[in-house]
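Given next are the chains, with one letter for each unit.
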Amino acid sequence: MKYPTNQHRMISLMLIPGLLTLAGAFALIDIPLAVSQPVTIPITSIKGDIAMDAANPIWESVPGVVIPLSGQTITTPMHPNISVKTVMVKMATNGQDIGVWANWGDQTINNTTIGPQDFRDQMAIQFPVQDSGAPPFQCMGQSGGTVNIWRWNAEWQKDLGTGVAGMWDVDQQYPSIAWDYYYDEPSRGVTYMNRTGRSSGPFNEGIWSGNIMSDPSLRISSVEDLNANGFSTLTTQSTQNVLGNGLWEPYGALKGGCCNGPTWRVVMKRSLTTDDPNDVQFKPGSSFPVAFAVWDGSNVERNGMKGISTWLTAQMPN
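Computed from a predicted model, the values in this text were never measured in an experiment.

(A) Region of the structure containing the overall build of the protein. Secondary structure assignment for the protein yields 4 helices and 14 strands. Split into buried and exposed, the 318 residues of the protein put 44% on the buried side. Considering only contacts in the protein between residues 6 or more positions apart, those separated by 24 or more positions represent 66%. When the accessible surface of the protein is totalled, it reaches about 16900 Å², and 56% of it is carbon and sulfur.

(B) Structural context of the nonpolar core. One finds Trp104, Trp150, Phe288 and Phe292 to be the most contacted residues of the largest nonpolar core, which totals 37 residues. Once residues within four sequence positions are removed from consideration, Phe292 is found in contact with Ile41, Ile67, Leu69, Val89, Val100, Met123, Ala124, Ile125, Gly307, Ile308, Ser309 and Leu312.

(C) The pairing of strand E6 (residues 122–128), seen in detail. Among the 7 residues that make up E6, 7 are buried, leaving the element largely enclosed by the rest of the structure. Going residue by residue along E6, you find Gln122, Ala124, Gln126 and Pro128 tucked away on one face and Met123, Ile125 and Phe127 tucked away on the opposite face as well. As defined by bridge partners, E6 adjoins strand E7 (residues 147–153) across 7 bridges and the pair is classed as antiparallel. Paired with Ile125 across the two strands is Trp150, which belongs to E7. As paired strands, E6 and strand E12 (residues 287–295) are joined by 5 bridges and run antiparallel to one another. When the bridges of E12 are listed, Ile125 appears paired with Phe292.

(D) Seen up close, the packing of aromatic side chains. Scanning the model with the defined rule gives 8 aromatic pairs in all. An aromatic cluster of at least three residues, connected via ring pairs, comprises Phe127, Trp150, Phe282 and Phe288.

(E) Molecular detail of the state of the cysteines. Following the criterion strictly, the structure yields 1 disulfide and no others. Between the sulfur atoms of Cys258 and its disulfide mate Cys259 the distance is 2.3 Å.

(F) Summary view of unusual backbone geometry. For the peptide bond that leads from Thr76 to Pro77, omega is 0 degrees, which places it in the cis range. Along the polypeptide, Pro77 turns up in the loop between strand E3 (70–71) and strand E4 (86–93). The residue Ser232 is not glycine, and still its phi comes out positive at about 65 degrees. Structurally, Ser232 can be placed in the loop between strand E8 (223–228) and strand E9 (235–236). Residue Ser232 is classed as exposed on the basis of its relative accessible area of 84%.

(G) Fine view of a nonpolar patch on the surface. A cluster of nonpolar side chains, contributed by Ile74, Phe137 and Phe231, occupies part of the molecular surface with about 260 Å² of accessible area. Checked against the element boundaries, Phe137 lands in the loop between E6 and E7. On the basis of relative accessibility, which here comes to 32%, the residue Phe137 falls in the partly exposed class.

(H) Structural context of the side chain of Asn148. Following the sequence through the fold, Asn148 ends up in strand E7. Residue Asn148 is classed as buried on the basis of its relative accessible area, which comes to 0%. Within the structure, Asn148 has its side chain in polar contact with the backbone oxygen of Leu226 (distance 2.9 Å). When residues no more than four places from it in sequence are discounted, the contact partners of Asn148 are Ile125, Gln126, Phe127, Val129, Asp225, Leu226, Asn227, Gln237, Arg270, Asn278, Asp279 and Val280.

(I) Expanded view of the confidence of the model for the protein. Chain-level statistics for the protein give a pLDDT mean of 82 and a share of 77% at 70 or above. Within the protein, the lowest mean pLDDT, 43, falls on helix H1 (residues 6–28), and the highest, 98, falls on E6. Note on residues 1–37: pLDDT is under 50 here. Beyond four places in sequence and across chains, it has 18 contacts. Counted against residues more than four places away or in other chains, residues 190–201, with its pLDDT under 50, gives 27 contacts.

(J) Representation of the side chain of Arg265 within the structure. One can find Arg265 in strand E11 (residues 263–271). Setting aside chain neighbours within four positions, we find Arg265 in contact with Ala54, Ala55, Ala102, Asn103, Asn245, Gly246, Leu247, Glu249 and Leu254.

(K) Quick peek at the pairing of E7. Along E7, 7 of the 7 residues are buried, which leaves the element largely enclosed by surrounding structure. Burial along E7 is two-sided: Val147, Ile149, Arg151 and Asn153 facing one way and Asn148, Trp150 and Trp152 facing the other are all buried.

(L) Main features of the environment of Val242. On the secondary structure map, Val242 appears in the loop between E9 and strand E10 (243–249). Looking at Val242, the relative accessible area reads 1%, which means it is buried. Once the C-alpha coordinates of Val242 and Arg219 are considered, the two residues, 23 residues apart in sequence, prove to be 9.8 Å apart. Excluding its chain neighbours within four sequence positions, the residues that come into contact with Val242 are Trp150, Ile220, Ser221, Val223, Asp225, Met268, Lys269 and Arg270.

Criteria and cut-off values
Residues numbered from 1 in each chain as written. Predicted model: local features only at pLDDT ≥ 70, side-chain atom pairs only at ≥ 80, totals over all residues. Heavy atoms only, no water. Helix = DSSP H or I, 4+ residues; strand = E, 2+ residues; numbered from the N terminus. Buried < 20%, exposed > 50% of the residue type's maximum accessible area, 1.4 Å probe, protein only. Contact = heavy atoms within 4.5 Å. Areas by Shrake-Rupley, 256 points an atom, 1.4 Å probe, with all protein chains shown as cover. Core = buried A, V, L, I, M, F, W, Y, C linked by side-chain atoms within 4.5 Å. Pairing = 2+ DSSP bridges. Phe/Tyr/Trp six-rings, centres within 6.5 Å; stacked < 30°, edge-to-face > 60°. Disulfide = S-S within 2.5 Å. Patch = residues over 30% accessible without salt bridge, like charges linked within 9 Å, V, L, I, M, F, W, Y side chains within 5 Å. Salt bridge = Lys/Arg side-chain N within 4 Å of Asp/Glu carboxyl O. Polar contact = N/O pair within 3.5 Å; in protein donor to acceptor, adjacent residues only side chain to side chain. pLDDT = per-residue confidence, 0-100.

Rendered as structure tokens:
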């Protein structure tokens, strides 16, 4: 058997102060770092409404957890070289609603997919629908193990902005665009008053079919409420009841946030309980699994090409 040399011992001893300093720095600013062992995210009790602005001072008093992400390499499409390696998460409840606050570094804002070269920034939270037994597979659940996913979408956030008529469209992305006359279109165009959008006639099949991805009038916020039972089963819920708001901050650090430089900060909120059997239900004093995902559009991340976390545990207050 070979024993460590004095040189190896010296190197090990020299590493200890550095590690202690790093751990102490996180402890001083009240930011636990989630690692391989199970980590509990405390859900803080607050008074008043859940603040939908992630810069609201109320979020500074809520403890955060920095959660590591890794590239999804289990099924295609894969993307092991993800851009966002960590996301900071805070959770709070006022006894009626639950709010999830997320903050991560992102050097560019990507909030349109009008061009074929464009991909949007996104962030998602995943919960098991069943509240007993082992959690389902962390990547989109499994047969018999339904997951409820809240997916915030930077493009939907842009659609909520002023001056976009409900949806950022091709003529705004490309102001000099021109199109030919459709042979069966009246001289003043075809419009349907019960649909939204400038091109909401018979040539916009997505809007006309009632697709929430195409028709912004079907959305209640920048978050899509979904379910999945495994790969390729992602389904939009017929009832949307998750609110969301996101803001890209290009200048400096957000107080109480994760990092310096450009960042996204997002808040999602929903009532603790709903009448939808496909929704996760939150009970006082309970704990439940939760997982997170982030997409960086500038790194051509979309669909399964994303950064994901393992299951973590969130703890509701009594």
